[in-house]
Amino acid sequence: MQAARVRATVAAVTTGAEFLVRFWGVRGSIAAPGPATARYGGNTSSIEVRCGARLILLDAGTGIRSLGNKLLAEAPVDSDIFFTHTHFDHVCGLAFFKPFFQPQNSFRLWAGHLGSGTTLQRVLREFMAAPLFPVPPEVFKAKMEYREFTAGETLTPAPGIVLRTAALNHPDGATGYRIEYGGKSVCYVTDTEHVPSTPDRNILGLIRGADILIYDCMYTDEEYAEFCVGWGHSTWQEAVRLCLSAGVKKLVVFHHDPDHDDERLDAIGREVEVALPGAVLAREGMVLSP
Ligand SMILES: [Zn+2]
Ligand SMILES: [Zn+2]
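What you see is a predicted model; the values in this text were computed from it and never measured.

### Things to note about the pattern of salt bridges
At step 1: Across all of its chains, the model carries 18 salt bridges by this definition.
At step 2: As a salt-bridge pair, Asp80 and Arg108 come within 2.7 Å of each other at their nearest N and O atoms. With Asp80 in strand β4 (residues 78-83) and Arg108 in strand β5 (residues 106-111), this residue pair connects regions lying 28 residues apart in the sequence. No difference in accessibility class separates Asp80 from Arg108, as the two residues are buried.
At step 3: Glu180 serves as the salt-bridge partner of Arg164, at 3.1 Å between the closest nitrogen and oxygen. Of the two residues, Arg164 is situated in strand β8 (residues 161-168) and Glu180 in strand β9 (residues 174-181); the sequence distance between them amounts to 16 residues.
At step 4: Look at the salt bridges and you will find they share partners, linking Arg22, Glu48, Arg50, Lys70 and Glu74 into a network.

Below, the structure written as structure tokens:
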């Protein structure tokens, strides 16, 4: 009896210290389903982060639908959703996230890129509006709170969890996050465009010494120089340069171009591994622990 109680306590403490990142959508710009993308996955940005018992969601692309289906069994769910920004590929899964329709759940939705001109709630109401969409956000049954901040602020969504933030270089703005928990750190930096030969100081400051960096690697340096300047995205080579200069321990190549099929991503993965051993390409279902 006593031994069982001790074992249970040890298990609870171990679980309490758990810091996990699970990928539900890894694609950029538009979902790209089909046999050619089946291994890495075709869903757009959606990431689940577990900081002990706390659940944090990053972005709400099409991948959040499957994540929501899994969360139904965990109700009541109390969670924070942090948006990098509100471009369509990062919010289009919201209305299909079934936990929003369970009244026992609570969600706080955060955005730091909007400035004073509008609010996150207004942006989502405009996107979920006729004739683009049949129902407004008011159909959600869960307790919904919308919170704005200014990229650069430090947030503490729960005791022991610190989110540092930084403004990214992206059309209409975007926010990069560094989640710190239990002495470890995971950075989520997408969508952002670099300036060749000039490392982004905001990003370097955010990611310094991080255990994991999930970074916008939509293009290769060659593709970027040829036809993607000004589109708001970066390259895996820039990610490697940032990791080396900031002492990041592990790179996760993320926000894959919808036109990069599995074979192309395999080839990119081989180049990344040579340039930065231990780096990985994000794929749906992948779980990492910092
Ligand atoms: Zn995007
Ligand atoms: Zn974007």
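### Thoughts on the coordination of the zinc ion (ligand 2)
At step 1: Protein-derived coordination of the zinc ion (ligand 2) comes from His85 (NE2), His87 (ND1) and His170 (NE2), at a distance range of 2.1 to 2.4 Å.
At step 2: Considered as a linear motif, the donors of the zinc ion (ligand 2) on their single chain read H-x1-H-x82-H.
At step 3: If you look at the zinc ion (ligand 2) and the zinc ion (ligand 1), they sit 3.8 Å from each other.
At step 4: In this structure His85 comes out as buried when scored by relative accessible area, which is 0%.

### Focus: the packing of aromatic side chains
At step 1: Applying the stated criterion to the full structure yields 16 aromatic pairs.
At step 2: A ring pair is formed by Phe100 and Phe107, whose centres lie 5.0 Å apart and whose planes are at 80 degrees; its orientation type is edge-to-face. Summarising the burial analysis for this pair, Phe100 and Phe107 share the class buried.
At step 3: Here the basic side chain of Arg283 rests over the ring of Tyr40, its NZ or CZ set 4.5 Å away from the ring centre.

About the thresholds
Residues numbered from 1 in each chain as written. Chains lettered and ligands numbered in written order. Predicted model: local features only at pLDDT ≥ 70, side-chain atom pairs only at ≥ 80, totals over all residues. Heavy atoms only, no water. Salt bridge = Lys/Arg side-chain N within 4 Å of Asp/Glu carboxyl O. Helix = DSSP H or I, 4+ residues; strand = E, 2+ residues; numbered from the N terminus. Buried < 20%, exposed > 50% of the residue type's maximum accessible area, 1.4 Å probe, protein only. Donors = N, O, S within 2.8 Å, 3.2 Å for Na, K, Ca; no water. Phe/Tyr/Trp six-rings, centres within 6.5 Å; stacked < 30°, edge-to-face > 60°. Lys NZ or Arg CZ within 6 Å of the ring centre and 35° of its normal.

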